[in-house]
Amino acid sequence: MPAEVTLLLQPLDRRLTVPRGAPLRDVLFPLGVEFPCGGRGRCRGCRVRVLTGELPVTPEDQRLLGPERLAQGWRLACQARADADLTLDLAQWETPILSDETPVAFTPRPGLGAAVDVGTTTVVAQLLDLATGHVLGVRSALNTQARHGADIMSRLEFALAEPGRAELTRLLREQIGALLADLLAAAPARGSLLDVVLVGNTVMHHLFSALPVALLAHYPFEPADPGLQEFRGAALGWDFAGAARVSFLPCPGGFVGSDILAGILATGLDRNDRPAMLVDLGTNGEIAVGDRTRLLCASTAAGPAFEGARLAMGMRAATGAISAVSLRDGAWQVTVLGGGEPRGICGSGLVDAVACGLEAGRILPSGRLVGGPTLPLAGPVELTQADLRELQLAKGAIAAGIRLLLERLGLQPVDLARVWLAGAFGNYISRASARRIGLLPFPVEQVEPAGNTALRGAKQVLCGACLLYTSDAADDLLCVDLGGRRII
């Protein structure tokens, strides 16, 4: 019996030779196939369709896919091994990465610097010439930790048992190092890498910094050390940049990470004369509201519905995903990323579909489906009652966080000069649909997509537009110095 087998992946027309018995999870993850539950057989996010060859049906396949999908050849990749030659139907899931090319103020100095947005789903790195402030290159990749779970809580569950935490730390450090090495190799010779500034949510902050995460897994969800974490490249195994200073910016507290802190800097929320709001919509929804005199932040456990996880046919915003839905003359119209037949729906498409369902009377204000057990959209893609409940949980968490912060500051929605939406989901979501389902209780003209504010804020710190430091005072954990003005 041959020691290797051949996998043909369609429509990529890509042929791989892998060891017989290799887990499909290990083979397919580098190509962009997601494993939202960490490969535990709890969801259908990693399903693939067998076109030729045989993959035995597992108990998890039977439980989650049902007889009709099994007969069509669908299997859970996380439960399968390549024991024979196979042809698999595998859409090219390439995530559109939200980078940032916005110029930032800088203090010229020789050498190179890098800003890194350490996202739960994707990692984006930019290399900058510190003498000119110019971006020399951008690299991005699916966060390699995602093979152990698409959402924060799945990864925390994996990290609670050693060597899980050490493995997630290793994966993150090695991946960021590889992205930086690639950027340096492709850049003109302009000096050495001097500084790297990283931002991310509190869990990414702790995992990269090799900090204990047990306190983040249960109430009251307190970080072990939210402060600024500094390293030298050599200590992280980055031999190509051994002397570089690597700084993971501090977290304001709890699940409010340095990504929202960077967003505050990028939008100038702390410098506004009128109150404004910054909302980062995601699994861990983060919200900041205030002005130059006061700021309040909160995090909300929105769950992964905005990123397409835990939906019957959910996927991230990638090729084959329904990204937008509208009603035209009573007929459903969908936009599919990359064109062609839809194979799933992402968060922005979900919000649109529910808004349209409300308008068409197919969904009641309570969230109950009427006129059938599912809401067909296009091709095989449909919404179930459970999908609507997932969206209600996410929407309820964000809406509650917004309401509580406004009440705490004695504000009404109309008092806000602007509401910025950060991140990829916030950049692509329909503001009208978000208002229709009650996610964002603001007039459409009041809401503005802000792009990748986490990366932009990291660049501001890297380029010297602001200074961040920790204070010795216990009640003065985080200080930001902007042009000599201290914001606590």
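Residues numbered from 1 in each chain as written. Predicted model: local features only at pLDDT ≥ 70, side-chain atom pairs only at ≥ 80, totals over all residues. Heavy atoms only, no water.

A.B. asks: Honestly, the overall build of the chain in this entry has me stumped. Any pointers?
C.D. replies: A tally of helices and strands in the chain yields 11 helices and 26 strands. Relative to the 2.2 N^0.38 estimate, which gives 23 Å for 488 residues, the radius of gyration of the chain is 23 Å and therefore close to what a compact globule would have. Across its three principal directions, the C-alpha atoms of the chain cover 65 × 55 × 40 Å. Taking all 488 residues of the chain together, 56% fall into the buried category. (Helix = DSSP H or I, 4+ residues; strand = E, 2+ residues; numbered from the N terminus. Rg over C-alpha atoms; globule rule 2.2 N^0.38 Å. Buried < 20%, exposed > 50% of the residue type's maximum accessible area, 1.4 Å probe, protein only.)

A.B. asks: Which parts of the structure should I look at to understand the sheet that holds strand S16 (residues 295-301)?
C.D. replies: An order of S16-S15-S14-S22-S23 is seen for the 5 strands of this open sheet, with the pairing classed as mixed. Whereas interior strands pair on both sides, the edge strands pair on one side only; in this sheet they are S16 and strand S23 (447-451). For this sheet the average axis-to-axis angle between neighbouring strands, irrespective of direction, equals 20 degrees. Where strand S14 (residues 276-280) and strand S22 (residues 419-422) come together, 4 bridges link them in parallel fashion. Its bridge partner lying in S22, Val279 is registered against Leu421. (Pairing = 2+ DSSP bridges. Axes fitted to C-alpha atoms, helices over the stretch in contact; angles between N-to-C directions.)

A.B. asks: Just to check I follow, could you spell out the confidence of the model for the chain for this structure?
C.D. replies: It should be kept in mind that the predicted coordinates are not to be read in detail where pLDDT is low. Considering every residue of the chain, the mean pLDDT works out to 86; 92% of them sit at 70 or more. Overall, residues 91-95 carries pLDDT values under 50, and its contacts beyond four positions in sequence, including any with other chains, amount to 24 contacts. Under a pLDDT of 50 for its full length, residues 467-488 has, in the predicted model, 53 contacts with residues more than four places off or in other chains. (pLDDT = per-residue confidence, 0-100. Contact = heavy atoms within 4.5 Å.)

A.B. asks: Which parts of the structure should I look at to understand the environment of Pro376?
C.D. replies: Within the secondary structure, Pro376 is located in strand S20 (residues 374-378). Residue Pro376 is classed as partly exposed on the basis of its relative accessible area, which comes to 46%. Along the chain, Pro376 and Ala353 lie 23 residues apart, while their C-alpha atoms are 9.9 Å from each other. Leaving out residues up to four positions away in the same chain, Pro376 has contacts with Arg362, Val381 and Glu382.

A.B. asks: Whenever I open this one, the nonpolar core confuses me. Can you help?
C.D. replies: A general feature of soluble globular proteins is that nonpolar side chains tend to end up buried together. Core analysis: the largest hydrophobic core is formed by 51 residues, its most contacted members being Met277, Leu281, Phe306, Ile345, Val354, Leu383 and Leu439. At the level of elements, S14, strand S15 (284-290), strand S17 (321-328), helix H7 (347-360), S20, strand S21 (381-384), helix H8 (385-409) and S22 are the ones that each hand at least two residues to this core. Here Phe306 is in contact with Leu281, Gly282, Gly347, Leu391, Ala394, Lys395, Ile398, Phe425 and Leu439, once residues within four sequence places are set aside. Val118, Val123, Leu236 and Val246 belong to the second largest nonpolar core, which has 35 residues in total. (Core = buried A, V, L, I, M, F, W, Y, C linked by side-chain atoms within 4.5 Å.)

A.B. asks: Explanation requested: the packing of helix H6 (residues 258-267) against helix H11 (residues 453-462) in the structure shown.
C.D. replies: Between two packed helices, both the angle of their axes relative to each other and the distance between the axes serve to describe the pair. One way to put it is that H6 packs onto H11 with a least axis distance of 7 Å and a crossing angle of 75 degrees. When the axes of H6 and H11 are compared, the pair comes out roughly perpendicular. Mapping the contact onto sequence places Asp259, Ala262, Gly263, Leu265, Ala266 and Thr267 in H6 and Thr453, Ala454, Arg456, Gly457, Ala458, Gln460 and Val461 in H11. (Parallel < 35°, antiparallel > 145°, perpendicular 65-115°, else oblique.)

A.B. asks: How should the sheet that holds S17 be read in this particular structure?
C.D. replies: What holds strands together in a sheet is hydrogen bonding between their backbones, with the strands either parallel or antiparallel. Strand order in the open sheet formed by 3 strands is S18-S17-S19, and the pairing between neighbours is mixed. Edge positions in the open sheet fall to strand S18 (331-336) and strand S19 (344-345), since each of these has one partner strand only. Note that S17 and S19 share 2 bridges and pair parallel. Residue pairing for S19: Ile322 is matched across the bridge by Ile345. Where H7 meets the sheet, it contacts S17, S18 and S19, and its direction lies at approximately 20 degrees from that of S17.

A.B. asks: Got a minute to help me understand the packing of aromatic side chains in this structure?
C.D. replies: What characterises a pair of aromatic rings is the spacing of the ring centres plus the angle enclosed by the ring planes. Enumeration according to the criterion identifies 6 aromatic pairs in this entry. With a centroid separation of 5.9 Å and 80 degrees between ring planes, the pair formed by Phe208 and Phe231 is classed as edge-to-face. Of the two residues, Phe208 sits in helix H5 (residues 202-208) while Phe231 sits in strand S12 (residues 229-232), which places them 23 residues apart along the sequence. Overall, Phe208 belongs to the buried group, its relative accessible area being 0%. Its guanidinium or amino end placed over the ring of Phe208, Arg173 lies 5.6 Å from that ring's centre, counting from NZ or CZ. If you follow Arg173 out to its NZ or CZ, it ends over the ring of Phe231, 5.4 Å from the centre. (Phe/Tyr/Trp six-rings, centres within 6.5 Å; stacked < 30°, edge-to-face > 60°. Lys NZ or Arg CZ within 6 Å of the ring centre and 35° of its normal.)

A.B. asks: What is the right way to look at the packing of helix H3 (residues 152-159) against helix H4 (residues 164-186) in this model?
C.D. replies: Between H3 and H4, the least distance of the axes is 6 Å, while the angle of their chain directions is 125 degrees. On the basis of their axis angle, the class for H3 and H4 is oblique. Side by side, H3 and H4 meet where Arg155, Phe158 and Ala159 of the first sit next to Gly164, Arg165, Glu167 and Leu168 of the second.

A.B. asks: Which parts of the structure should I look at to understand the pattern of salt bridges?
C.D. replies: For the coordinates displayed, the defined rule picks out 11 salt bridges. A salt bridge links Asp182 to Arg139; the nearest nitrogen and oxygen atoms lie 2.7 Å apart. Of this pair, Asp182 sits in helix H4 while Arg139 sits in strand S10 (residues 135-142), placing them 43 residues apart in sequence. Asp182 sits in the partly exposed class, given a relative accessible area of 38%. Residue Arg139 is classed as partly exposed on the basis of its relative accessible area, which comes to 25%. Sharing partners across several salt bridges, the network here consists of Arg109, Asp195 and Arg245. (Salt bridge = Lys/Arg side-chain N within 4 Å of Asp/Glu carboxyl O.)

A.B. asks: Looking at this structure, how should I read the side chain of Ser348?
C.D. replies: Along the chain, Ser348 falls in helix H7. Those residues within four positions of Ser348 in sequence are excluded, and the remaining contacts are Ser323, Phe425, Tyr428 and Ile429.

A.B. asks: How should I be thinking about the side chain of His205 in this particular structure?
C.D. replies: Looking at the secondary structure, you find His205 in helix H5. On the accessibility criterion, His205 (0% relative accessible area) is buried. A distance of 3.0 Å separates a polar side-chain atom of His205 from the backbone oxygen of Gly227. Excluding its chain neighbours within four sequence positions, the residues that come into contact with His205 are Leu211, Asp225, Pro226, Gly227, Gln229, Phe248, Leu249, Pro250 and Cys251. (Polar contact = N/O pair within 3.5 Å; in protein donor to acceptor, adjacent residues only side chain to side chain.)

A.B. asks: Sorry, what's going on with H11 here?
C.D. replies: Working note: α-helix, 3.6 residues per turn, so residues spaced by three or four point in the same direction. H11 sits mainly inside the fold: 10 of its 10 residues count as buried. Residues Thr453, Ala454, Leu455, Arg456, Gly457, Ala458, Lys459, Gln460, Val461 and Leu462 constitute the buried set of H11. Of the residues flanking the start of H11, the one acting as N-cap is Asn452, its side-chain oxygen 3.4 Å from the backbone nitrogen of Ala454. One or two steps after H11, the chain reaches Gly464, where phi turns positive at roughly 85 degrees.

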